[in-house]
Amino acid sequence: MPRWLSRALARIHRMTASGAIRVTRKAREEAHSLHLSPADVEDVVSSVSTAHFAERISSATTDEWMYVFRPRLEGKRLYISSFSARGCASWCPSMKTKRRTAVTRTRPPRRPAHELPRDACVSCGTMMKQARARLPYPVNGETILVPSVHLTCPRCGETVLELREWKRQHENAIAIYRERHGLLSADEIRAIRKQLGLNQAALARLLRLGGNTVSRWESGRNVQSGAMDILLRMLRDLPGSVAYLRKRAA
């Protein structure tokens, strides 16, 4: 594995572990279109390896290297881009001199590493400013406005969130959506499951759901539908409902 790739991977994993990853507006929109929560994105980024490496591109805007990884998730191929300082010089092609016929290799002058300041916009390079505003967050086709601390670019309008702030925005949006529609909270779903004496996988099988669905409800990654919310309340309030569902599921 090339040293520059190992350094890039180490940097990505280090930044992910410390919560220092920043997410652009386009990246957030693409994650929403794939039904990925911020926690899902964090899991994917933290697990990237050399097997997922696709290419290294020089950014025309920032003169930095952009490392592209393409891991798979549930049959989908995701593109993860990471910017890093362009600190290594490339070798020029072999060339012949007039005096000698032998082929020689020469290294061009090393270009000074140009790394954007941490608060610079990755789209245009302008220094961004911290702001607090209500940013939109889609939940089940509905847009929830959530107060969020973010960086905004005065030139191109880009908005960037740190991963931890994006996760907080997601949790708040889910909580607002549940309260707005009168749905059970994550803690209430967990209490119902424990009242029934079931683990997450068993409750998912009883409701004929995917294996991780209940786990995602309880962790706040996803929100249950109105129909599933009613069914959960029936399991809690109506005696014999569990036995009935078990009979139907058999």
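These notes cover the structure that comes with them. (Residues numbered from 1 in each chain as written. Predicted model: local features only at pLDDT ≥ 70, side-chain atom pairs only at ≥ 80, totals over all residues. Heavy atoms only, no water.)

## Here we look at the sheet that holds strand S10 (residues 142-152)
The strand order across the open sheet formed by four strands is S1-S11-S10-S9, and the pairing between neighbours is antiparallel. Both outer strands of the open sheet, strand S1 (22-23) and strand S9 (129-139), are each paired with one neighbouring strand and no more. The pairing of S1 with strand S11 (residues 159-162) spans two bridges and is antiparallel. The residue of S11 that forms the bridge with Val23 is Leu161. Those strands touched by helix H2 (residues 25-33) are S1, S9 and S11, and its axis lies near 70° from that of S11. Across the sheet, helix H4 (residues 163-180) is in contact with S1, S9, S10 and S11; its angle to S10 comes to roughly 155°. (Pairing = 2+ DSSP bridges. Helix = DSSP H or I, 4+ residues; strand = E, 2+ residues; numbered from the N terminus. Contact = heavy atoms within 4.5 Å. Axes fitted to C-alpha atoms, helices over the stretch in contact; angles between N-to-C directions.)

## Describing the nonpolar core
Ranked by size, the top nonpolar core spans 27 residues in total, and within it Phe69, Val139 and Trp166 carry the most contacts. Where this core is concerned, the elements lending two or more residues are helix H1 (3-17), helix H3 (38-46), strand S3 (65-69), S9, S10 and H4. In this structure Trp166 touches Val23, Arg28, Ala31, His32, Pro38, Val41, Tyr137 and Leu161, once residues within four positions along its chain are discounted. (Core = buried A, V, L, I, M, F, W, Y, C linked by side-chain atoms within 4.5 Å. Buried < 20%, exposed > 50% of the residue type's maximum accessible area, 1.4 Å probe, protein only.)

## Some points on the packing of H3 against H4
It is at 9 Å that the axes of H3 and H4 come closest, and there the two elements cross at 150°. Judged by residue contacts, Pro38, Ala39, Val41 and Glu42 of H3 engage Leu163, Trp166, Lys167 and His170 from H4. Along the lines of polarity and charge, the residues of the contact of H3 with H4 split into five nonpolar, one polar and two charged. (Nonpolar A, V, L, I, M, F, W, Y, C, P; charged D, E, K, R; others polar.)

## Description of the pattern of salt bridges
The tally for this structure, following the rule as stated, stands at 14 salt bridges. A salt bridge links Arg164 to Glu162, with the nearest nitrogen and oxygen atoms 2.6 Å apart. A residue is classified by how much of its surface remains accessible, and Arg164, at 40% relative accessible area, is partly exposed. We note a salt bridge from Arg168 to Glu165, for which the minimum N-O separation is 2.3 Å. With Arg168 and Glu165 both in helix H4 and three residues apart, this pair spans about one turn of that helix. (Salt bridge = Lys/Arg side-chain N within 4 Å of Asp/Glu carboxyl O.)

## Brief notes about the packing of H1 against H3
Axis separation between H1 and H3 bottoms out at 9 Å; the angle between their running directions is 150°. For the pair H1 and H3, the sense of crossing is left-handed. Seen from H1, the contacting residues are Ile12, His13 and Thr16; seen from H3, they are Glu42, Val45 and Ser46. In terms of residue class, the contact of H1 with H3 is made up of two nonpolar, three polar and one charged. (Left-handed = near helix turned anticlockwise from the far one by under 90°.)

## Here we look at the packing of aromatic side chains
In this description, a pair of aromatic rings is defined by centroid distance and the angle of the planes. This model, assessed by the stated rule, comprises three aromatic pairs. Ring geometry for Trp4 and Phe53: centres 5.7 Å apart, planes at 65°, overall edge-to-face. In this pair, Trp4 sits in helix H1 while Phe53 sits in strand S2 (residues 53-58), placing the two residues 49 residues apart along the sequence. Accessibility expressed as a relative area gives 23% for Trp4, which makes it partly exposed. When the centroid spacing of 5.6 Å and the interplanar angle of 65° are considered together, the rings of Phe53 and Phe69 count as edge-to-face. Of this pair, Phe53 sits in strand S2 while Phe69 sits in strand S3, placing them 16 residues apart in sequence. Judged by relative accessible area, which is 23%, Phe53 ranks as partly exposed. Among the residues examined, Phe69 registers a relative accessible area of 0% and is labelled buried. Counting every residue linked through ring pairs, the aromatic cluster contains Trp4, Phe53, Tyr67 and Phe69. The ring of Trp4 has Arg56 lying over it, and the distance from NZ or CZ to the ring centre is 3.9 Å. (Phe/Tyr/Trp six-rings, centres within 6.5 Å; stacked < 30°, edge-to-face > 60°. Lys NZ or Arg CZ within 6 Å of the ring centre and 35° of its normal.)

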